[in-house]
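# A closer look at the structure
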Amino acid sequence: MVAVPERRRVNHEATPMNRATISAQLEDFFRREFPNPGVELTASTDLLQNWLVDSLGIVNTTLFLESRFGVDVTRADIRAENFQSIDRLTDFVAGKLDP
Amino acid sequence: MQRLAIEYLIHTKDRFSDKAAIVDADGHVTFAELWRRALSLAHHLGRAVDGRDVPIVIDLPKCVDAVVALVAVQLIGQIYVPFDPATPAARRRRMLDTLGEHHIIGRDESGLHVDGHSVDATATGDGMAEERVRAALNARNSIDPLYIIFTSGTTGTPKGVTISNASVIDYIDWAATTYRVSETEVIGNQAPLFFDNSVLDLYLTFAKGCTLHLIPPERFLFLPEMLDYLEEERVSLIFFVPSVFANIASLDLLAEYALPDLRKILFAGEPMPVNTLKYLRQRLPHALLSNLYGPTEITVDAIYWIFGEEIDSLRAVPLGVPCANTRIIFVDERGEPVPDGGAHAEICVAGAGVALGYWNDPQRTTEVFIQNPEHRRYHDIVYKTGDLGYRSADDGLIYMTGRKDNQIKHMGYRIELEDIEHALESLHGVTQSAVHYDTEHKELIAFYCSTNGAELSDPRRRLAEQLPPYMLPRRFHLLPAIPTTPNGKIDRRRIWQDYGGGA
């Protein structure tokens, strides 16, 4: 029985990522997964307004962080302060990759 | 003999007077305080409201005040109508028009108001006199309406499902017995008051003297915050929509929570994914797991199942067996009864929970509340759910296979796709539309045509002026034309086939 999902992890240790790369990949993710034509999206846009409006959005973003950046997201990490904007998510990922 | 749902609270307010009854983000009220505050609001409400069977809108977020309000409405012998305060103005207007004569309980910084006038509804204010309460309650009986809950309609105008006191009493007595609920229960509420799953939480609390936690909705956005709440408050019973559990399972959040106090997990509102059910059993082996099924029109639930050892071998999640005082009938496309249903048989519900119909809407009422097709010997009303299903020959349980129309469930919310299409087609420039629900990604996707072939700018924000947030499509695709079937109807399957994946 494999009821407990296997969360995909990618090992990125060989290719350290800079903040600009992380931020750009996050922005691309939000444009693709949460399209909002006509609404501005910048690194400081409040994601909890138009983008991450339900828990499914938070779940999908968390799974993206884990699979794309190989970070380990725990119960203490899934909080509004980390998901507020692309800037905050970038801080969070960068902090996890280079503690 | 109990006639009115409010009688539950009349008994428990004395037995459990100093115990916390309702808890929200701002604090809690005891049973005695809840009663006093409701008497106080009823005192003002009684002066504003005249006549029999008058709907009183509760235009409040989920909070202690909202519970005070729905008790106060019962004390003056009227019908409460929980509204989603986020309902956009135009939709709200249509709902109020459907109600006809009505009053509104709302709130601003200074406190509660009735029809815009501030009222003192604190525990120390003047209360409605006991003999006046008695007179108001004596004038009502068990088949009088208790509440009206609105649900999405295909015409774009929501329908007001009208439920009697008797139906709620029957349902709550069944639930209290089936789930062995006593005053030791700490209930964690997820459903907003305008979604009838909250009826179980509220009236079990009133009936048994439980403590009800109205978990702040924002905690359901970041699920660890919700799980922290269950852990800290030692919640013992929850009745949530399956989406919440599916999201918990996707992140395997229960690996970090033991939740030893959580003994009863109930779910309803949409199909429970089989892997999510197995996940819950694996992570919370000590908890009772129960699936429930029922549209608002039959009073919360008509079918239920408590899972046992069979979970491991399940390939689909059954709805289960009928609740007490409920009978399930299957009918085919021609309306003829078919004993055990089938892939294209509609589930119909007969019994104590069947609603009084749709408020002020005899036409839509007679379309779905029909004479039991099995006989014509006496007046026997069954509700046609629109859900398709059958009773399995293998385990004797009822299973659901789909819908006969375009109603979907999104995060537990019941939505008629036509309701969204009506709103979309009212936007300037949109000539035709078709909304699809992608069940795999749980996304609403809108396809539309426009007069000059121009793309809509900022469609989500414009639709938000007409639809509640959970009905807003995630993606919008402009099409040159909407494909139709030979008889001219929108060909929903072809739209998704042609434009779905790569669009």
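Quick caveat, the model's predicted, so the values are computed rather than measured. (Residues numbered from 1 in each chain as written. Chains lettered and ligands numbered in written order. Predicted model: local features only at pLDDT ≥ 70, side-chain atom pairs only at ≥ 80, totals over all residues.)

Taken domain by domain, chain B comprises domain 1 (321-405) and domain 2 (415-499). Put simply, the middle of domain 1 of chain B and the middle of domain 2 of chain B, counted by C-alpha atoms, are 31 Å apart. (Domains from an automatic or database assignment.)

It is worth spelling out unusual backbone geometry at this point. All names here are of chain B. In this model, T299 sits at a positive phi of 70°, which is unusual for a non-glycine residue. Mapping T299 onto the fold places it in the loop between strand 14 (288-293) and strand 15 (303-306). With a phi close to 50°, D458 is a non-glycine residue in the positive phi region. Structurally, D458 can be placed in the loop between strand 25 (443-450) and helix 13 (459-463). On the basis of neighbour count, D458 is assigned to the partly exposed category, with 14 C-beta atoms found within 10 Å. (Helix = DSSP H or I, 4+ residues; strand = E, 2+ residues; numbered from the N terminus. Buried ≥ 20, exposed ≤ 12 C-beta atoms within 10 Å, placed from the backbone.)

Describing two packed helices takes the angle between their axes plus the distance from one axis to the other. Residue and element names in this part refer to chain B. Helix 10 (residues 274-283) packs onto helix 9 (residues 242-250) with a crossing angle of 70° between their chain directions and a minimal axis gap of 9 Å. When the interaxial angle is binned, helix 9 and helix 10 end up roughly perpendicular. The handedness of the crossing between helix 9 and helix 10 comes out as left-handed. Where helix 9 approaches helix 10, its residues P242, F245, A246 and A249 are matched on the opposing element by T276, Y279 and L280. Its residues placed into classes, the contact of helix 9 with helix 10 shows six nonpolar, one polar and no charged. (Axes fitted to C-alpha atoms, helices over the stretch in contact; angles between N-to-C directions. Parallel < 35°, antiparallel > 145°, perpendicular 65-115°, else oblique. Left-handed = near helix turned anticlockwise from the far one by under 90°. Contact = placed C-beta atoms within 7 Å. Nonpolar A, V, L, I, M, F, W, Y, C, P; charged D, E, K, R; others polar.)

This next bit is on the interface of chain B and chain A. A common way to report how large an interface is uses the accessible area buried once the components associate. Opposite the 27 residues of chain B that make contact, chain A presents 23 residues. Elements that contribute at least two residues to the side of chain B that touches chain A include exactly helix 8 (223-232), helix 9, helix 10, helix 13 and strand 26 (475-478) of chain B. Among the elements that line the side of chain B that touches chain A, the one with the most residues is helix 10 of chain B, at four residues.

Moving on: the environment of B:G412. Residue and element names in this part refer to chain B. You can see G412 is positioned in the loop between strand 22 (407-410) and strand 23 (413-416). By the C-beta count within 10 Å, which is 19 here, G412 ends up partly exposed. Counting along the chain gives 34 residues from G412 to A446, while the straight-line C-alpha distance between them is 20 Å. In this view, G412 contacts V241, S243, G269 and E270; residues no more than four positions away in its chain are not counted.

Bringing the packing of helix 6 (residues 165-178) of chain B against helix 7 (residues 197-208) of chain B into the picture now. Residue and element names in this part refer to chain B. One can describe the packing of helix 6 onto helix 7 by two numbers: an axis separation of 10 Å at closest approach and a directional angle of 75°. Put simply, helix 6 runs roughly perpendicular to helix 7. Together, V168, I172, A175 and A176 of helix 6 and V199, L200, Y203, L204, A207 and K208 of helix 7 make up the contact between the two elements. Partitioned by chemical class, the residues of the contact of helix 6 with helix 7 number nine nonpolar, no polar and one charged.

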